[in-house]
Amino acid sequence: MAQNKKSGLADDYLHGFTPAEQNRLYEQADILKNYIYDSVDFTAQKNIVEVGCGVGAQTELLLKKFKHLHVDGIDASASQVARAKKHLAPYIKQKRVSIQTGDALNLPFKENVFDGAFVCWLLEHVSEPLGILKEIRRSLRPGGKVICNEVMNSTFFIHPYSPATMTYWFQFNDHQWSIKGDPFVGAKLGNYLTEAGFRDVKMNPRIVHCDNRDRQQRAIIIDYWTDLLLSGAPGLLKAKKVSSPLIKEMEVELKTLKNDKDSTFFYAFMQAEGYA
C-alpha cells in the first residue's frame, strides 16, 4: 500500500492488489466469518465507519448481519475502493453504504459523527496504528463503539512438523515487519486502544483450531491458509526473503498436511472492543 504515505500505511503491501488477490479477500471473509462475527455486536449502532474497508468483503458481511446498519467505508487504495463499489453496488443503491478513498490518519469526517467503528486486518499493514485509532476515536460520538480484529502471527502451529512452511512463515512476518507493518499487532490492541482514549477496552482472543473433530473444516482452513501464504510469495521473492525451491517445498508440506489423517492446525487472532 505504498501509494498513500499519509495514511500511515507500511512502505509496501505484502499481498498486492491483483484481481486474484482481491478475489482471495472475498473468500477469506467468507471462510472466517463465523470466527469473527459470532462475537461482533452492532445492534445498538446505526451509522458506523469501516476504516480500511478494502474490497468491501467485510462491509458486505456487516450489512448482511445488521440489516439496520449504514456503513461509511474508507480505504487508501483506489483500486480496492473501485472493486468495493462494484461489489457493493446493490447496497450503495439502497443508500446503506458509501465507499471512498481517503487517509486513515486524517479521516474526511467531522468529530462525533459515528456511533460505531469497525477495523479488520488493517493495523498489521500500517506504520502508525495508534494515530489511526486516535483518528477513529475523534470521529465517534461519546459512547461510540469500536471493534478491531487483528492478527497475532506468532500463534501459528501445524502438525505434522513442516520446516519449510515455518521457515517461510518466519520470512513472511519478518518482511512485513521490515516494511513497517506489524504481524503481532493483535496482542497490542489493548494498549493502543487505551492510549487512543477508548474506555472499557476488552480483549477477546479468537481461536481457529482444526483437527480430526471436523476434517472438512480442517481441509477448508488449510486450503485458505495455503492461498494466504502464497499471496505473499511474489513480494517475498522480490525482496529475496525466500527462494522458489523453498516455496515448492512448502506447497508439498501443505498438501501433506491437508491429507494427513491426524493433522492439526492452530491460529489465534485478537478481537478487541472499546467505547469512546
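Check the entry above for the structure.
Here, residues in each chain are numbered from 1, in the same order as that chain's written sequence. At least 70 in pLDDT is required for a residue's local features to be given in this predicted model, at least 80 for side-chain atom pairs to be given and counted, and no such filter applies to totals for whole chains, interfaces and linings, which use all residues. The side-chain numbers reported here are obtained from all heavy atoms of the structure, hydrogens and water having been left aside.

Caption draft 1: Quick look at the overall build of the chain. Looking only at helices and strands, one finds 10 helices and eight strands in the chain. A compact globule built from 276 residues would reach a C-alpha radius of gyration of about 19 Å, and the chain, at 18 Å, matches this within 12%. Across its three principal axes, the chain shows a C-alpha extent of roughly 50 × 40 × 35 Å. Contact between two residues is taken to exist if any of their heavy atoms lie within 4.5 Å; hydrogens are not considered. Taking the intrachain contacts of the chain between residues at least 6 apart in sequence as the baseline, contacts between residues at least 24 apart amount to 80%. Computed with a 1.4 Å probe, the accessible areas rest on the Shrake-Rupley method; for each residue, only the protein chains presented here act as cover. For the chain, the computed accessible surface area is about 12300 Å², with 54% contributed by carbon and sulfur atoms. Side chains of the chain give 35 positive and 32 negative charges; the mean places of these two sets differ by 5 Å. Strands are runs of DSSP state E lasting at least two residues, helices are runs of H or I lasting at least four, and both sets are numbered from the N terminus onward. All radius of gyration figures rest on C-alpha atoms, and the globule criterion is 2.2 Å times the number of residues raised to 0.38. Counting rule for charge: Lys and Arg are taken as positive, Asp and Glu as negative, and neither His nor the chain ends is counted. A single reference atom marks each charge: NZ on Lys, CZ on Arg, CG on Asp, CD on Glu.

Caption draft 2: The arrangement of the packing of aromatic side chains in detail. Any two of the Phe, Tyr and Trp rings considered here, Trp counted by its six-membered ring, make a pair once their centres fall within 6.5 Å; the pair's planes then place it as stacked at under 30 degrees, edge-to-face at over 60, or tilted in between. According to the stated counting rule, one finds 14 aromatic pairs in the structure shown. Pairing Trp121 with Phe269 gives two aromatic rings, centres 5.1 Å apart and planes at 75°, and the pair type is edge-to-face. With Trp121 in the loop between strand S4 (114–120) and helix H5 (129–139) and Phe269 in strand S8 (residues 264–275), this pair connects stretches of sequence that are 148 residues apart. Note on exposure labels: buried denotes an accessible area under 20% of the residue type's maximum, exposed denotes more than 50%, and partly exposed covers the range between, all computed with a 1.4 Å probe on protein chains only. According to the relative accessible area criterion, Phe269 is buried, its value standing at 3%.

Caption draft 3: A look at the pairing of strand S5 (residues 140–150). Of all 11 residues in S5, eight are buried; the element is thus mostly enclosed. Judged from the six bridges that link them, S4 and S5 form a sheet pairing that is parallel. What sits directly across from Ala117, in S5, is Val146. By convention, orient the strands away from the viewer: a clockwise path from the first strand over the helix to the second makes the crossover right-handed. In this region the chain leaves S4, passes through H5 and returns to the parallel neighbour S5; the handedness of that crossover is right-handed. Here S5 runs beside S8; their pairing, made up of six bridges, is antiparallel. By this definition, two strands are paired if DSSP reports at least two bridges between them.

Caption draft 4: Quick look at H5. Of all the positions in H5, only Pro129, Leu130, Ile132, Leu133, Glu135, Ile136 and Ser139 are classed as buried. The inward-facing, buried residues of H5 contact strand S1 (47–51), S4, S5 and helix H7 (189–195).

Caption draft 5: The packing of helix H1 (residues 19–37) against helix H3 (residues 78–87), seen in detail. Between N-to-C directions, angles span 0 to 180 degrees; the directions come from axes that are lines fitted to C-alpha atoms, helices contributing only their stretch in contact. Relative orientation of the contacting elements H1 and H3 amounts to 55°, with a least axis distance of 11 Å. When the interaxial angle is binned, H1 and H3 end up oblique. The two elements H1 and H3 cross, and the hand of that crossing is right-handed. Facing H1, whose interface residues are Pro19, Gln22, Asn23, Leu25 and Tyr26, H3 presents Ser79, Gln80, Arg83, Ala84 and His87. For classification, angles of less than 35 degrees are called roughly parallel, those exceeding 145 degrees roughly antiparallel, those between 65 and 115 degrees roughly perpendicular, and all remaining angles oblique. Helix crossings get a hand from a simple test, with the near helix turned counterclockwise from the far one by less than a right angle marking a left-handed crossing and a clockwise turn marking a right-handed one.

Caption draft 6: Structural view of the environment of Phe118. You can see Phe118 is positioned in strand S4. Judged by relative accessible area, Phe118 falls into the buried class, the value being 0%. Those residues in contact with Phe118, other than ones at most four positions away along the chain, are Tyr37, Val40, Phe42, Ile48, Val49, Glu50, Val51, Gln58, Leu62, Ile147 and Asn149.

Caption draft 7: Quick look at the packing of helix H6 (residues 163–178) against helix H10 (residues 244–259). Look at H6 against H10: their axes get within 7 Å of each other, and the N-to-C directions meet at 125°. By the angle between their axes, H6 is oblique relative to H10. Considering how the two elements wind past one another, H6 and H10 form a crossing that is left-handed. Each of Pro163, Ala164, Thr165, Thr167 and Tyr168 in H6 lies in contact with H10, whose residues at this interface are Leu246, Ile247, Glu249, Met250, Glu253 and Leu254. Classifying every residue of the contact of H6 with H10 gives seven nonpolar, two polar and two charged. Amino acid classes used here: Ala, Val, Leu, Ile, Met, Phe, Trp, Tyr, Cys and Pro are nonpolar; Asp, Glu, Lys and Arg are charged; the rest, including Gly, are polar.

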